[in-house]
Amino acid sequence: QVQLVESGGGLVQAGGSLRLSCAASGTIFSIKTMGWYRQAPGKEQQLVAIISNGGNTNYAASVKGRFKISVDNAKNTVYLQMNGLKPEDTASYLCYAEIKHVTALPYMPYWGKGALVTVSS
């Protein structure tokens, strides 16, 4: 019923920038939160940044000051601007959203398939 599709990943040198996008489509009544997690090979999934429908944001300490999350509510799209990238930022970045299909149902979690970000030293 809902799809999250990420775009914007790729290969970049250390110190460079990338912008990730994630568009939600399908039967959407309301979106409570949208955000990004990441998972590097052999490591646990980590919250990167999240934004509520009220505009409140939360960032992982490791990305504060370098990454910025934003949302276009009209397009149901969340963005992650990543500046000053480091090799340790290399990971698959997964889009996350809490979405309500109809007003009577609770918010449900949805995940994208991931966008690979590789930062070379």
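The text that follows walks through the structure, step by step, so that each part is easy to find. (Residues numbered from 1 in each chain as written. Predicted model: local features only at pLDDT ≥ 70, side-chain atom pairs only at ≥ 80, totals over all residues. Heavy atoms only, no water.)

## Describing the packing of aromatic side chains
Within this structure, the stated rule accounts for three aromatic pairs. Ring geometry for Tyr37 against Tyr96: centres 5.7 Å apart, planes inclined by 70 degrees, an arrangement best described as edge-to-face. Taken as a pair, Tyr37 in strand 4 (residues 30-39) and Tyr96 in strand 9 (residues 91-100) lie far apart in primary sequence, 59 residues in all. Take Tyr96: its relative accessible area is 12%, and that puts it in the buried class. Centroid distance Tyr96 to Trp111: 4.8 Å. Interplanar angle 55 degrees. Geometry classified as tilted. Of this pair, Tyr96 sits in strand 9 while Trp111 sits in strand 10 (residues 108-111), and the two are 15 residues apart along the sequence. An aromatic cluster is built from Tyr37, Tyr96 and Trp111, whose rings are joined through pairwise contacts. A cation over a ring is seen here: Arg19 above Tyr79, with NZ or CZ 4.1 Å from the ring centre. (Phe/Tyr/Trp six-rings, centres within 6.5 Å; stacked < 30°, edge-to-face > 60°. Helix = DSSP H or I, 4+ residues; strand = E, 2+ residues; numbered from the N terminus. Buried < 20%, exposed > 50% of the residue type's maximum accessible area, 1.4 Å probe, protein only. Lys NZ or Arg CZ within 6 Å of the ring centre and 35° of its normal.)

## Let's talk about the sheet that holds strand 3 (residues 18-26)
Strand order in this open sheet of four strands is 1-3-8-7, and the pairing throughout is antiparallel. Looking at strand neighbours, the two that pair on one side only are strand 1 (2-7) and strand 7 (67-72), the edges of this open sheet. With direction set aside, neighbouring strand axes in the sheet form an average angle of 15 degrees. Where strand 7 lies against strand 8 (residues 77-82), six bridges are found, and the strand directions are antiparallel. Residue Phe67 lies in a different strand from strand 8, and its bridge partner there is Met82. (Pairing = 2+ DSSP bridges. Axes fitted to C-alpha atoms, helices over the stretch in contact; angles between N-to-C directions.)

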